[in-house]
Amino acid sequence: MDRQEEITDSPNEWVAQHIRHYLETNGQARPGMNDLLLTTRGRKSGKLRRTALVYVRDGEDRYIVAASNAGADQHPAWYLNLTANPNVTVQIGAETFPAAARTATPEEKPRLWALMVAAVPSYQGYQEATSRDIPVVILDRTY
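Residues numbered from 1 in each chain as written. Predicted model: local features only at pLDDT ≥ 70, side-chain atom pairs only at ≥ 80, totals over all residues. Heavy atoms only, no water.

Participant: Can you explain the overall build of the protein chain? Please cite residues and give values.
Facilitator: The helix and strand tally for the protein chain stands at four helices and eight strands. What you see for the protein chain is a C-alpha radius of gyration of 14 Å, in line with the 15 Å of a compact globule of 143 residues. C-alpha atoms of the protein chain, sized along the principal axes, occupy 40 × 35 × 30 Å. Burial analysis of the protein chain (143 residues in total) assigns 44% to the buried set. For the protein chain, contacts bridging at least 24 residues in sequence account for 65% of all contacts bridging at least 6. Summing over all exposed atoms, the protein chain offers an accessible surface of approximately 7600 Å²; the carbon and sulfur share of this is 50%. Each charge class in the protein chain can be summarised by its mean position, and for the 16 positive and 17 negative side chains these summaries are 3 Å apart. (Helix = DSSP H or I, 4+ residues; strand = E, 2+ residues; numbered from the N terminus. Rg over C-alpha atoms; globule rule 2.2 N^0.38 Å. Buried < 20%, exposed > 50% of the residue type's maximum accessible area, 1.4 Å probe, protein only. Contact = heavy atoms within 4.5 Å. Areas by Shrake-Rupley, 256 points an atom, 1.4 Å probe, with all protein chains shown as cover. Lys, Arg positive; Asp, Glu negative; His and termini not counted. Charge placed at Lys NZ, Arg CZ, Asp CG, Glu CD.)

Right under this line is the structure:
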């Protein structure tokens, strides 16, 4: 992703404010919470889109996020974008790096979902609120 290209933040005002605060504080927007910024390429527009997500680590260079969409019945736009183009940019704190995104396989998901629920128990309620199987996404750093 071209660093000079304009990035559009989430249309959700709370998320957009969180992104601004995240950038102003070098990732310390919510101390004690592991948040990252994920930039995907819009599958329809081709524009760069940025959102903020809670993550857990799984090893040294692997980050896990959930496409919960707060329990809504449709996948979040960022998830649909990365399924169309898995080359993403991740920012954790002040560090930005490229990553490859993929949906966890059915074999991988139970362990990774348990990690997400342990970090943010409300994810379990999100899954219970929807008939959609909430995807777990693996972000592998590609340096």
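What follows picks up the thread again.
Participant: How would you summarise the layout of surface pockets if you had to cite specific residues and measurements?
Facilitator: By volume, the largest pocket is sized at about 820 Å³. Val-15, Thr-51, Ala-52, Leu-53 and Trp-78 are the residues nearest the centre of the largest pocket, which is lined by 35 residues in total. For the lining of the largest pocket, the elements supplying multiple residues, two or more each, are β1 (7–9), α1 (13–24), β2 (35–41), β3 (48–54), α2 (77–84) and α4 (122–129). Ranked by the residues each element gives to the lining of the largest pocket, the list is headed by β3, at six residues. Among the residues forming the lining of the largest pocket, the class breakdown is 16 nonpolar, twelve polar and seven charged. (1 Å grid on protein atoms, 1.4 Å probe; cavity = no way out; pocket = protein on both sides within 12 Å on 5 of 7 lines; lining within 4 Å. Points joined across faces, edges and corners; volume = space filled by probe spheres on them. Nonpolar A, V, L, I, M, F, W, Y, C, P; charged D, E, K, R; others polar.)

Participant: Can you lay out the pairing of strand β8 (residues 136–141) for me, pointing to particular residues and giving the numbers?
Facilitator: Burial of β8 is extensive: five of the six residues sit out of reach of the surface. Pairing of strand β5 (residues 62–66) with β8 involves five bridges; the strand directions are antiparallel. Residue pairing in the sheet places Tyr-63 in a bridge with Leu-139 of β8. When strand β7 (residues 95–103) meets β8, the two strands line up antiparallel, connected through five bridges. Along β8, the bridge assignment pairs Ala-99 with Arg-141. (Pairing = 2+ DSSP bridges.)

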